[in-house]
Amino acid sequence: MAIITAIGDPTDPRLDDYRDLTTADRRPDRPGGRGLVIAEGVVVVRRLIESPYPVRSLLGVPRRIEELTADLADLDVPAYATDADTMATTVGFHLNRGVLAVADRAAPVDARELARTARVLAVCEGVNDHENLGSLFRNAAALGVDGILLGPRCADPLYRRSVRVSMGHVLRVPFAHLPGAWPESLDLLRGAGMRVAALTPAPDALPISAAGLAGERVALLLGAEGPGLTPEALATADVRVRIPMATGVDSLNVATAAAVAFHAVGASVG
């Protein structure tokens, strides 16, 4: 059972993991980054507790800590109860959700193993917006995608905003960084028997429903908002597919496009 301790001093060193989160929760290779995983809100904290990420502690107002009583029954970590003002002073902003949890990162997933066992994967190139990436993970979880592979210039899925926007599903959907040079690293997927389909709004791409992907083992290649996939990535794909859209609309948000594509290839779970 987690030990609940009341803290009223925002300078208490036990709260150091939560201090100034606007700069301190970045990747370890960024200035001020500690590389910690931070969950916000009761729902996301629950998903963190259920995940492979080792929880270090919780911080919240008493009412939110009480909501997590059952979840903390088998968790041997400190839970710090405080008031909203102390939380805001510590983290550097007002937190509407009233509770945070901090965890260490888990061991990385092996990209080759993920490709070997998956039926549907998303592969991202240059998806560098944390909120888009978090939304993409949430859609992947909802529609039964087996995992996400990250190519070059992608945002960190475990950054606080990504975790929050994903509603904690970043902590549940396996992800890995593709090893080696890009886009040659996509050969790893073909070697595992997957078909690589690049999503593009180009008018000469096949409508996704006509590409014969439903029920196949497929890796859906997704590019950044705006520029989309690079020509090199498009040229490496086995097939280029598009989502038919009304006249005058040239593209969708990358997370929305991904959700449509996930459904089209039959990634949905019943």
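Residues numbered from 1 in each chain as written. Predicted model: local features only at pLDDT ≥ 70, side-chain atom pairs only at ≥ 80, totals over all residues. Heavy atoms only, no water.

Chemist: Give a description of the overall build of the protein that names residues and reports values.
Modeler: When you go through the protein residue by residue, the secondary structure sums to 10 helices and 12 strands. Compactness check: the protein gives a C-alpha radius of gyration of 20 Å against a globular reference of 18 Å for 270 residues, within 12% of the reference. Relative to its full complement of 270 residues, the protein shows a buried share of 51%. Carbon and sulfur atoms provide 51% of the accessible area of the protein, an area that totals close to 12000 Å². Between the mean site of the 27 positive side-chain charges and the mean site of the 32 negative ones, the protein shows a separation of 3 Å. (Helix = DSSP H or I, 4+ residues; strand = E, 2+ residues; numbered from the N terminus. Rg over C-alpha atoms; globule rule 2.2 N^0.38 Å. Buried < 20%, exposed > 50% of the residue type's maximum accessible area, 1.4 Å probe, protein only. Areas by Shrake-Rupley, 256 points an atom, 1.4 Å probe, with all protein chains shown as cover. Lys, Arg positive; Asp, Glu negative; His and termini not counted. Charge placed at Lys NZ, Arg CZ, Asp CG, Glu CD.)

Chemist: How would you sum up the sheet that holds strand 9 (residues 195-199)? Please name residues and give values.
Modeler: Judged by pairing direction, the sheet is parallel, and its seven strands sit side by side in the order 8-7-6-11-9-12-10 without closing on themselves. Either end of the sheet is taken by a strand with one partner, and the two such strands are strand 8 (175-177) and strand 10 (206-207). Here three bridges tie strand 9 to strand 12 (residues 239-242), and the two strands are oriented parallel to one another. When the sheet's bridge partners are listed, Ala197 is paired in strand 12 with Val239. Lying over the sheet, helix 10 (residues 254-264) contacts strand 6 (120-125), strand 9 and strand 11 (218-223), oriented at roughly 160° with respect to strand 11. (Pairing = 2+ DSSP bridges. Contact = heavy atoms within 4.5 Å. Axes fitted to C-alpha atoms, helices over the stretch in contact; angles between N-to-C directions.)

Chemist: Summarise the sheet that holds strand 3 (residues 55-60); cite the residues concerned and give the values.
Modeler: Spatially, the five strands line up as an open sheet ordered 1-4-3-5-2, and their pairing is mixed. Of all strands in the sheet, those with a lone pairing partner are strand 1 (3-6) and strand 2 (37-40), marking the two edges. The sheet shows a mean angle of 20° between the axes of neighbouring strands, taken without regard to direction. In the sheet, strand 2 pairs with strand 5 (residues 99-103) via four bridges, with the strands oriented antiparallel. Bridging from a neighbouring strand, Val37 pairs with Ala103 of strand 5. Sheet contacts for helix 2 (residues 42-50): strand 2, strand 3 and strand 5; angle to strand 5, the most-contacted strand, approximately 25°.

Chemist: With reference to specific residues and values, describe the environment of Arg116.
Modeler: Note on placement: Arg116 falls in helix 5 (residues 111-117). Along the primary structure Arg116 and Ala205 are separated by 89 residues, whereas in three dimensions their C-alpha atoms are 27 Å apart. In contact with Arg116, other than residues within four places in its own chain, are Ala192 and Arg217.

Chemist: Explain the packing of aromatic side chains to me, and be specific about the residues and the numbers.
Modeler: Across all of its chains, the model carries one aromatic pair by this definition. Ring centres 5.7 Å apart and planes at 90° place the aromatic pair Phe137 and Phe175 in the edge-to-face group. Linking Phe137 in helix 6 (residues 130-142) with Phe175 in strand 8, this pair joins segments that are 38 residues apart in sequence. Each member of the pair, Phe137 as well as Phe175, is classed as buried. (Phe/Tyr/Trp six-rings, centres within 6.5 Å; stacked < 30°, edge-to-face > 60°.)

Chemist: An account of the environment of Ala237 is needed here, citing residue identities and associated values.
Modeler: Mapped onto the elements of the fold, Ala237 is located in the loop between helix 9 (231-236) and strand 12. The class for Ala237 is buried, based on a relative accessible area of 14%. Sequence spacing of Ala237 and Phe93 is 144 residues, and the spatial spacing of their C-alpha atoms is 44 Å.

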